[in-house]
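Single-letter residue listing:
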Amino acid sequence: MVFYIYMATKFTINANNNLQKLRDVAFIGSSTTYEFDFRPWGDDNNSVSSVTWETVSGDATVSNKTLTNQVASALITFPSARRSIIKITASSSAEVYVLFLDILAKDFSEEFDDYI
């Protein structure tokens with residue numbers, strides 16, 4: 001019998017954070033839900049009204065994008081062993097917040113090289 005554990009990778013975006021690049025590691029063929037809680041940031045910059053997700057490098061695909069109560073989430077799938085950078089842009093009526101998610105997808109059957 002095989003058991004699968006589903007977990008989302010969650011980040012909270014505070015009003016005092018500088019723009020930043022966040023990092024994660026995945027395996028090829030996997031899919032991970034990433035969740036960004038913009039409520040603390042929205043408290044100081046008006047409510048987040050839209051969030052866009054864009055793959056700026058690599059071949060990761062973004063699907064199932066949602067925005068509910070200022071919490072944005074999306075499912076990201078990694079088809080090959082390489083680095084992908086996802087740009088996430090949150091907009092309110094007063095501000096725009098941009099962050100980058102840098103994800104290294106590894107092939108479990110090969111030796112790991114974290115210095116790619």
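Above this note sits the structure.
Cut-off values and rules
Residues numbered from 1 in each chain as written. Predicted model: local features only at pLDDT ≥ 70, side-chain atom pairs only at ≥ 80, totals over all residues. Heavy atoms only, no water. Helix = DSSP H or I, 4+ residues; strand = E, 2+ residues; numbered from the N terminus. Buried < 20%, exposed > 50% of the residue type's maximum accessible area, 1.4 Å probe, protein only. Areas by Shrake-Rupley, 256 points an atom, 1.4 Å probe, with all protein chains shown as cover. Phe/Tyr/Trp six-rings, centres within 6.5 Å; stacked < 30°, edge-to-face > 60°.

### With respect to the overall build of the protein
Scanning the protein for helices and strands turns up 1 helix and 8 strands. Counting helices and strands in the order they occur from the N terminus, the protein gives β-β-β-α-β-β-β-β-β. Counting over 116 residues, the protein shows a buried share of 36%. Within the structure as shown, the protein displays about 7,200 Å² of accessible surface, and the carbon and sulfur contribution to it stands at 49%.

### Section: the packing of aromatic side chains
Evaluation of the coordinates by the stated rule reveals 5 aromatic pairs. With 5.1 Å between their ring centres and 15° between their planes, Phe 11 and Phe 36 make a pair best called stacked. A residue pair is termed long-range when its members are at least 10 positions apart, and Phe 11 in strand E1 (residues 8-12) and Phe 36 in strand E3 (residues 31-37) qualify at 25 residues. Like Phe 36, Phe 11 is buried. When the centroid spacing of 6.3 Å and the interplanar angle of 70° are considered together, the rings of Phe 38 and Tyr 97 count as edge-to-face. Taken together, the residues Phe 38 in the loop between E3 and helix H1 (39-45) and Tyr 97 in strand E8 (residues 96-106) connect sequence positions 59 residues apart.

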